[in-house]
Amino acid sequence: EVTGYIGPLGWYEIKVPDARKALPQIQKNPIVVNAELNYAGRTEVLDIENLDENFSWGHRKIKLPEAYQYIEGQALEEVAVAVIDTGFDLEHPELDSRFLPGVDLGSVDDNPTYEDIPEALEARAHGTLVAGIIAAENNDSDLNGVAYNSKILPIKVFNSSWPGLVGKALLPDAYFSFKVAAGIVYAARSEADV
């Protein structure tokens, strides 16, 4: 069963009863150039309780406040940064003006929020955290983004129904490599700068 297609790459995602057993047979097919397993991965666990403290620590560690002094008063070019992740809080006060229209490749719609991901999953806020590290407003708080003049192109590749495919006990916050590849292609076709 074909479950996905990435046109520019000519890649198909297919579902078979036992992928490991089927892979050698699929690889031998003369019309197949390459075949590999659709690997599952997961995001890092977040320490939501100490998020502000951890965020500002990282900024100080890379000497960001000192770096800001070199660009103070300059007109900075706005760049589009694609963030391929778990979903986003598009109304976060540090980010609400920093988003471009995005996409949810998990359910193939234009709503890249994490609303469909259960609150119990640790990965729920990961996309918002990454977007904040990049583009949080420059408002003299400890949460200024590293590239605060950039715009985030949110690309959600995580879907709340996917963990059931691999077993919630093993990978409760799973994403799959095929969707990440589709996210990279979407970003490139959307002319993201980064």
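Calculation criteria
Residues numbered from 1 in each chain as written. Predicted model: local features only at pLDDT ≥ 70, side-chain atom pairs only at ≥ 80, totals over all residues. Heavy atoms only, no water. Helix = DSSP H or I, 4+ residues; strand = E, 2+ residues; numbered from the N terminus. Contact = heavy atoms within 4.5 Å. Areas by Shrake-Rupley, 256 points an atom, 1.4 Å probe, with all protein chains shown as cover. Buried < 20%, exposed > 50% of the residue type's maximum accessible area, 1.4 Å probe, protein only. Polar contact = N/O pair within 3.5 Å; in protein donor to acceptor, adjacent residues only side chain to side chain. Pairing = 2+ DSSP bridges.

**Q** Explanation requested: the overall build of the protein in the structure shown.
**A** For the protein, the helix and strand inventory stands at six helices and seven strands. Moving toward the C terminus, one meets the helices and strands of the protein in the order β-β-α-β-α-α-β-β-α-β-α-β-α. Long-range contacts, defined here as pairs at least 24 residues apart, represent 71% of the contacts in the protein between residues at least 6 apart. Carbon and sulfur atoms provide 53% of the accessible area of the protein, an area that totals close to 12000 Å².

**Q** Looking at this model, I keep getting lost on the side chain of S150. Mind explaining?
**A** Tracing the chain through its elements places S150 in the loop between α4 (126-135) and β6 (151-156). Overall, S150 belongs to the buried group, its relative accessible area being 1%. Looking at S150, its side chain comes within polar contact range of the main-chain oxygen of A147, at 2.5 Å. Excluding residues within four positions of it along the chain, S150 makes contact with E78, V79, V81, R98, I134 and A135.

**Q** Before we go on, may I ask you to explain the pairing of β6 in this structure?
**A** Residues in a regular strand point their side chains to alternate faces of the sheet. When you tally the buried positions in β6, you get six out of six residues, the bulk of the element. Going residue by residue along β6, you find K151, L153 and I155 tucked away on one face and I152, P154 and K156 tucked away on the opposite face as well. The pairing of strand β5 (residues 103-104) with β6 spans two bridges and is parallel. Counted as the bridge partner of V103 is I155 from β6.

The quantities given are spatial measurements derived from coordinates; they are silent on function.
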